[in-house]
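# Descriptive structure summary
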Amino acid sequence: MEATDIAHFTAALATADLDHLEHVSPADLCEIITALELAKNAAAAAQARATVAAGDAMRDQAINDGAAPERADKGIPQQLGLARRESPAAGSRHLGFARAVVREMPHTHAAMTEGLVAEWTAMQLVRETACLSREHRAIVDARLADRFRADSPKKLVAAASALAYELDPYAFVNRGRKAKEDRRVGIRPAPEVMANVTGFLPVAQGVACYKALDESARALKSAGDERTLDQLRADLFIERLTGMSAADNVNIEVGVVMTDTALLGLDETAARLEHLGPLPAGLARDLLRGSDDDLGATEHSLHEATVWLRRLYADPVTGVLTDQDSRRRLFTGALRRFLVARDQVCRTPWCDAPVRHVDHVLPFARGGETTEDNGDGLCEACNYDKEAPGWRHEVIDTGDGAHVVRVTTPTGHIYDSHAPPVLPTLGLRLARPPDQNAAREPVELLSA
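A short tour of the structure in this document, coming up.

Criteria and thresholds
Residues numbered from 1 in each chain as written. Predicted model: local features only at pLDDT ≥ 70, side-chain atom pairs only at ≥ 80, totals over all residues. Heavy atoms only, no water. Pairing = 2+ DSSP bridges. Helix = DSSP H or I, 4+ residues; strand = E, 2+ residues; numbered from the N terminus. Core = buried A, V, L, I, M, F, W, Y, C linked by side-chain atoms within 4.5 Å. Buried < 20%, exposed > 50% of the residue type's maximum accessible area, 1.4 Å probe, protein only. Contact = heavy atoms within 4.5 Å. Arc of directions from axis to C-beta. Salt bridge = Lys/Arg side-chain N within 4 Å of Asp/Glu carboxyl O. 1 Å grid on protein atoms, 1.4 Å probe; cavity = no way out; pocket = protein on both sides within 12 Å on 5 of 7 lines; lining within 4 Å. Points joined across faces, edges and corners; volume = space filled by probe spheres on them. Phe/Tyr/Trp six-rings, centres within 6.5 Å; stacked < 30°, edge-to-face > 60°. Lys NZ or Arg CZ within 6 Å of the ring centre and 35° of its normal. Axes fitted to C-alpha atoms, helices over the stretch in contact; angles between N-to-C directions. Parallel < 35°, antiparallel > 145°, perpendicular 65-115°, else oblique. Nonpolar A, V, L, I, M, F, W, Y, C, P; charged D, E, K, R; others polar.

It is worth spelling out the pairing of strand β1 (residues 184-190) at this point. Looking at chain direction, β1 and strand β2 (residues 194-200) are connected through seven bridges and run antiparallel. If you follow Ile 187 over to β2, its bridge partner there is Val 197. Where β1 folds back on β2, the antiparallel hairpin that results is connected by three residues, among which Glu 192 adopts a positive phi of roughly 65°.

Written out as structure tokens, the structure is:
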């Protein structure tokens, strides 16, 4: 089967006449849903096989080109992630999963191919047996073979976990002990302009953290505090992490990007909170003037915020940052700050990791200049991976003022990375305004 065959099948699904479905019986509709689900799972199995073959071919090619065997995998996860329209980290996870399920768990892979097991369930089975030897993993796989048709994903994963412990208790327990080396804290956006800050902690410390917050919250509640227990626990969490006396008096720098008119309350163009995403203009103004009244805070939560202002300029058609004030205000590295504000996240397509490195698109050693146009923001992994043999990054002049970096992989595949609009609603206009002299639209970058 060739890629064109799969493309034709996909096109057939996309162009299928579904208007007649309103006349199809519920029983037949359920059959259609089941058939499509089986097709999805079978496609995931085929993709796993292709991933293994691609990873092996890329590694062999790298070694033939002179790479040391211990460095031959460099850049492969990134290429596979791009092929899947996902991040390099996701590409690495899928490569490891594919190698395990195809080579070490043939029954699981066969069940995927038959459509009985979804990719996510298979990934969990691989994870639960990761501590085992190849022989023990094969035993777990064989014992599950008769259960794929009847058991739910949750039961399959539980069975795999129990079998793994039965076959090698030491390895299973030791994995849990080593897991504390992966302890971390992360943040991700949540609905309704909120954020989830999570800690991946050893269980004893995790329970201790929650218990300390809960006991303190209950003590305050017993003393007459009108906040709910959930609110008290959340506020104590903020206060203890930041060292501040009140949860909403956090004097730590955060970047807010908004238009000048939204800052003055003349319109409600959505703002953007750096590293998190869109922010309603009203909440951005509350944040900058230090008042959370509109969010339901008490009168004791009012405080003065230190706000520093820098003017940035965005193209009114693309919405991408094009310039900034040349005069620095209270911080150094204005060029780096500009590039981080412009790119927002790693410029590798579909990566979306936080910007850690700001580097030259055309390397300095090859004559690349240290300018806004020749710079981009990347995560640490992507910046290192682009130095692998066969990778090429270059700025493309599109003629419309957009900042586009073209990424060419060692296999010759090309992906264009477009700088995003600095605010969610900028760049949505259909045509450039008649006054070409008004080609720069001011926005404000504020740090509170």
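Quick look at the nonpolar core now. Ranked by size, the top nonpolar core spans 28 residues in total, and within it Phe 97, Met 112, Leu 125, Leu 144 and Phe 148 carry the most contacts. Secondary-structure elements contributing two or more residues to this core are α2 (26-64), α4 (88-103), α5 (106-114), α6 (119-128), α7 (134-144) and α8 (153-167). When residues in this core are grouped by element, the largest group, six residues, is from α8. Beyond its immediate stretch of four places on either side in the chain, Met 112 contacts Asn 41, Ala 42, Ala 44, Ala 45, Phe 97, Val 101, Val 117, Glu 119 and Ala 122. Counting eight residues, the second-largest nonpolar core is a separate cluster that includes Val 256, Ala 271, Ala 281 and Ala 284.

A separate point is unusual backbone geometry. Generally, phi is negative for residues other than glycine and the peptide bonds are trans, each holding for most cases. A positive phi is found at Arg 85, a non-glycine position, where the angle reads about 60°. One can find Arg 85 in the loop between α3 (76-83) and α4. For Arg 85, a relative accessible area of 56% gives the class exposed. The phi dihedral of Asp 352 is positive, around 65°, even though this residue is not glycine. Mapped onto the elements of the fold, Asp 352 is located in the loop between α14 (334-343) and β8 (357-360).

Taken as a whole, α7 has its buried residues at Arg 137, Val 140, Asp 141 and Leu 144. Here the buried residues of α7 occupy an arc of 100° about the axis, which is enough to place them on one side.

Glancing now at the pattern of salt bridges. What the rule picks out here adds up to 23 salt bridges. In this structure, Lys 386 and Asp 359 form a salt bridge, with 4.0 Å as the shortest nitrogen-oxygen distance. Separated by 27 residues along the polypeptide, Lys 386 in the loop between α15 (380-385) and β10 (392-396) and Asp 359 in strand β8 bring together distant segments of the chain. Classification of Lys 386 by relative accessible area gives buried; the value is 8%. Linked through salt bridges whose partners overlap, the residues forming this network are Asp 214, Arg 218, Asp 230 and Arg 233.

Another aspect to go through is the layout of surface pockets. Empty space within the second largest pocket amounts to approximately 830 Å³. For the second largest pocket, the lining is made up of 21 residues, of which Ile 6, Ala 43, Ala 44, Ala 46 and Gln 47 are closest to its centre. Looking at the lining of the second largest pocket, the elements that each hand over two or more residues are α1 (3-14), α2 and α3. With 10 residues, α2 is the largest single contributor of residues to the lining of the second largest pocket.

The geometry of an aromatic ring pair is captured by the separation of the ring centres together with the interplanar angle, meaning the angle of the planes. Taken as a whole and judged by the stated rule, the model has one aromatic pair. Ring plane angle 85° and centroid distance 5.9 Å describe the contact between Trp 350 and Tyr 415, whose orientation is recorded as edge-to-face. Here Trp 350 is found in the loop between α14 and β8, whereas its partner Tyr 415 is found in strand β12 (residues 414-418), with 65 residues between them in sequence. When the ring centre of Phe 200 is taken as origin, the NZ or CZ atom of Arg 184, which lies over that ring, is 4.4 Å away.

For the rest of this paragraph, the subject is the packing of α4 against α5. Their axes nearest at 6 Å, the elements α4 and α5 cross at an angle of 100°. In terms of their interaxial angle, α4 and α5 are classed as roughly perpendicular. The segment α4 lies against α5, with Phe 97, Val 101 and Val 102 engaging Pro 106, Thr 108, His 109 and Met 112. Counted by class, the contact of α4 with α5 contains five nonpolar, two polar and no charged residues.

Worth remembering: the numbers are spatial, not functional.
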